[in-house]
Amino acid sequence: MNDDKIESDLTVSIKVEDIHKNIGSQSVLKGVNLEIFSGETIVLIGESGGGKSVILKHITGLMRPDTGRVIINGTDICQLKENDLATIRKKIGVLFQNGALFDSMSVGQNVAFPLRERGEKNYSILVEKVTESLKLVGLENHIDKMPSALSGGMRKRVALARAMIARPDIILYDEPTAGLDPVSTGSIDSLIMEMQKNYGVTSIVVTHDMKSAKTIADRIAFLRDGRVYFCGKPEELGNSDDPIIKKFVTGNHL
Ligand SMILES: Nc1ncnc2c1ncn2[C@@H]1O[C@H](COP(=O)(O)OP(=O)(O)OP(=O)(O)O)[C@@H](O)[C@H]1O
Ligand SMILES: [Mg+2]
């Protein structure tokens, strides 16, 4: 079977269709197109301030495009009212760039949050699942701590446990390994790959770490000047003769 045939057999999970977004006087997204297949891991790279986090916010419905559409499992989420959007959001786990933990809640309460949102009230089930999820990130002994008592890297791992706990169909990871040591980075990369392999999760991972990108990506999308400038397999990116791609990639040690 050739690659074209394989691709035509895949189901599109997320389709970003020609989105434009101005924020204030700045034109941040200028026609972004991206298709993510079901079960695929796409890594999104590009300059700082280029709009990567803004794209993720469009996919969760936190931001709406000026023009264009975001289609998730066949539904155009830009047309949805808040109630219907909430239903779609339950299928998406998000690791925000800054971790964004609730400071007034313990680690355990933070991680339990997506399950509670989905209506889980059984205390022993909550404890069991929270412990299991914290074990994945090596923090099961910190369940009762408050976020202020954690290091930056630990907060990030708690946020990761929270993004994964409800076994969402889609997980968006905004710089999951930024600021982490190489060993923690490797274990988070492995975790992202396990979520894909064991649960068929569709993922978008924003990162500046080209080594991680190469390890976890099925395809890499390079955002430049408000558009997806390149999207393809990691080796295609690495072998590209395009000077713009080469400059970005070599500067980032692929
Ligand atoms: N809520 C907001 N209000 C005003 N400007 C915003 C807002 N969100 C994003 N921007 C602007 O949009 C641009 C893109 O921001 P974004 O956070 O998406 O960049 P990024 O590619 O994620 O960068 P980084 O790699 O540094 O995280 C930036 O110029 C930023 O200042
Ligand atoms: Mg960002």
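None of the values given here were measured: they were computed from a predicted structure.

### Digging into the domain arrangement of the protein chain
Step number 1: Domain assignment breaks the protein chain into domain 1 (3-91 + 168-251) and domain 2 (101-167).
Step number 2: Contact residues are listed per partner, giving 16 residues for domain 1 and 12 residues for domain 2.
Step number 3: Roughly 1,200 Å² of surface becomes buried between domain 1 and domain 2 when both sides are summed, with 69% attributable to carbon and sulfur atoms.
Step number 4: Considering only the side of domain 1, the residues that lose the most area to domain 2 are Lys 90, Pro 168 and Leu 191, jointly responsible for 42% of the buried surface there.
Step number 5: The interface formed by domain 1 and domain 2 holds 3 residue pairs in polar contact (both at pLDDT 80 or more) in total.
Step number 6: Sorting the residues of the side of domain 1 that touches domain 2 by element identifies β7 (170-174) and α7 (182-199) as the ones contributing at least two each.

### Regarding the coordination of the magnesium ion (ligand 2)
Step number 1: Ser 53 (OG) and Gln 97 (OE1) make up the full set of protein donors to the magnesium ion (ligand 2), lying at 2.1 to 2.3 Å. One end of the pair, Ser 53, is in helix α2 (residues 52-59); the other, Gln 97, is in the loop between β6 (92-95) and α4 (107-117), with 44 residues separating them in the sequence.
Step number 2: Classification of Gln 97 as partly exposed rests on a relative accessible area of 37%.

### So, the pattern of salt bridges
Step number 1: Under the definition given, this model contains 9 salt bridges.
Step number 2: One salt bridge in this structure joins Lys 15 and Glu 35, with 3.7 Å as the shortest N-O distance. With a gap of 20 residues between them, Lys 15 in strand β1 (residues 12-23) and Glu 35 in strand β2 (residues 26-37) connect regions that are remote in the sequence.
Step number 3: Exposure remark for Lys 15: the relative accessible area of 28% places this residue in the partly exposed category.

### Comments concerning the environment of Glu 132
Step number 1: Here Glu 132 is to be found in helix α5 (residues 123-136).
Step number 2: Each C-alpha atom, one on Glu 132 and one on Lys 233, is 33 Å from the other, the two residues being 101 residues apart in sequence.

### So, the packing of helix α6 (residues 152-164) against α7
Step number 1: The N-to-C vectors of α6 and α7 enclose an angle of 0°; their axes lie 12 Å apart at closest approach. One finds that α6 runs roughly parallel with respect to α7. Only Ile 188, Leu 191 and Met 195 of α7 make contact with α6, whose side of the interface consists of Arg 157, Leu 160 and Met 164.

### Digging into the pairing of β7
Step number 1: Of all the 5 residues making up β7, 5 are buried; the element is thus mostly covered by neighbouring parts of the structure.
Step number 2: Burial along β7 is two-sided: the residues Ile 170, Leu 172 and Asp 174 and Ile 171 and Tyr 173 are all buried.
Step number 3: As defined by bridge partners, β7 adjoins strand β8 (residues 202-206) across 5 bridges and the pair is classed as parallel. Each residue of the ladder has a partner; that of Ile 171, found in β8, is Ser 203.
Step number 4: The handedness of the β7 to β8 crossover, carried by α7, is right-handed.

### Considering the side chain of Lys 52
Step number 1: Relative to the elements of secondary structure, Lys 52 occurs in helix α2.
Step number 2: It turns out Lys 52 is buried and unbridged, and the closest side chain with the opposite charge, Glu 175, is 5.0 Å from it.
Step number 3: At 3.1 Å, the side chain of Lys 52 and the backbone oxygen of Gly 46 are in polar contact.
Step number 4: In this structure Lys 52 touches Leu 44, Ile 45, Gly 46, Glu 47, Val 206, His 208 and Leu 223, once residues within four positions along its chain are discounted.

### A look at the site of ligand 1
Step number 1: Close contacts around ligand 1 come from 15 residues, with Ser 48, Gly 49, Lys 52, Gln 97 and His 208 the closest.
Step number 2: Interatomic distance of 3.2 Å between a backbone N/O atom of Gly 50 and an oxygen atom of ligand 1.
Step number 3: The separation between an oxygen atom of ligand 1 and a polar side-chain atom of Lys 52 is 2.7 Å.
Step number 4: Here ligand 1, which alone exposes 630 Å², has 64% of that area covered by the protein.
Step number 5: Put simply, the parts of the chain that give the shell around ligand 1 at least two residues each are β2 and α2.
Step number 6: At 3 residues, the largest contribution of residues to the shell around ligand 1 is made by α2.
Step number 7: In terms of residue class, the shell around ligand 1 is built from 4 nonpolar, 8 polar and 3 charged.

About the thresholds
- Residues numbered from 1 in each chain as written.
- Chains lettered and ligands numbered in written order.
- Predicted model: local features only at pLDDT ≥ 70, side-chain atom pairs only at ≥ 80, totals over all residues.
- Heavy atoms only, no water.
- Domains from an automatic or database assignment.
- Contact = heavy atoms within 4.5 Å.
- Buried area = accessible area lost by both parts, 1.4 Å probe.
- Polar contact = N/O pair within 3.5 Å; in protein donor to acceptor, adjacent residues only side chain to side chain.
- Helix = DSSP H or I, 4+ residues; strand = E, 2+ residues; numbered from the N terminus.
- Donors = N, O, S within 2.8 Å, 3.2 Å for Na, K, Ca; no water.
- Buried < 20%, exposed > 50% of the residue type's maximum accessible area, 1.4 Å probe, protein only.
- Salt bridge = Lys/Arg side-chain N within 4 Å of Asp/Glu carboxyl O.
- Axes fitted to C-alpha atoms, helices over the stretch in contact; angles between N-to-C directions.
- Parallel < 35°, antiparallel > 145°, perpendicular 65-115°, else oblique.
- Pairing = 2+ DSSP bridges.
- Right-handed = clockwise from strand over helix to strand, strands pointing away.
- Lys, Arg positive; Asp, Glu negative; His and termini not counted.
- Near = heavy atom within 4 Å.
- Areas by Shrake-Rupley, 256 points an atom, 1.4 Å probe, with all protein chains shown as cover.
- Nonpolar A, V, L, I, M, F, W, Y, C, P; charged D, E, K, R; others polar.

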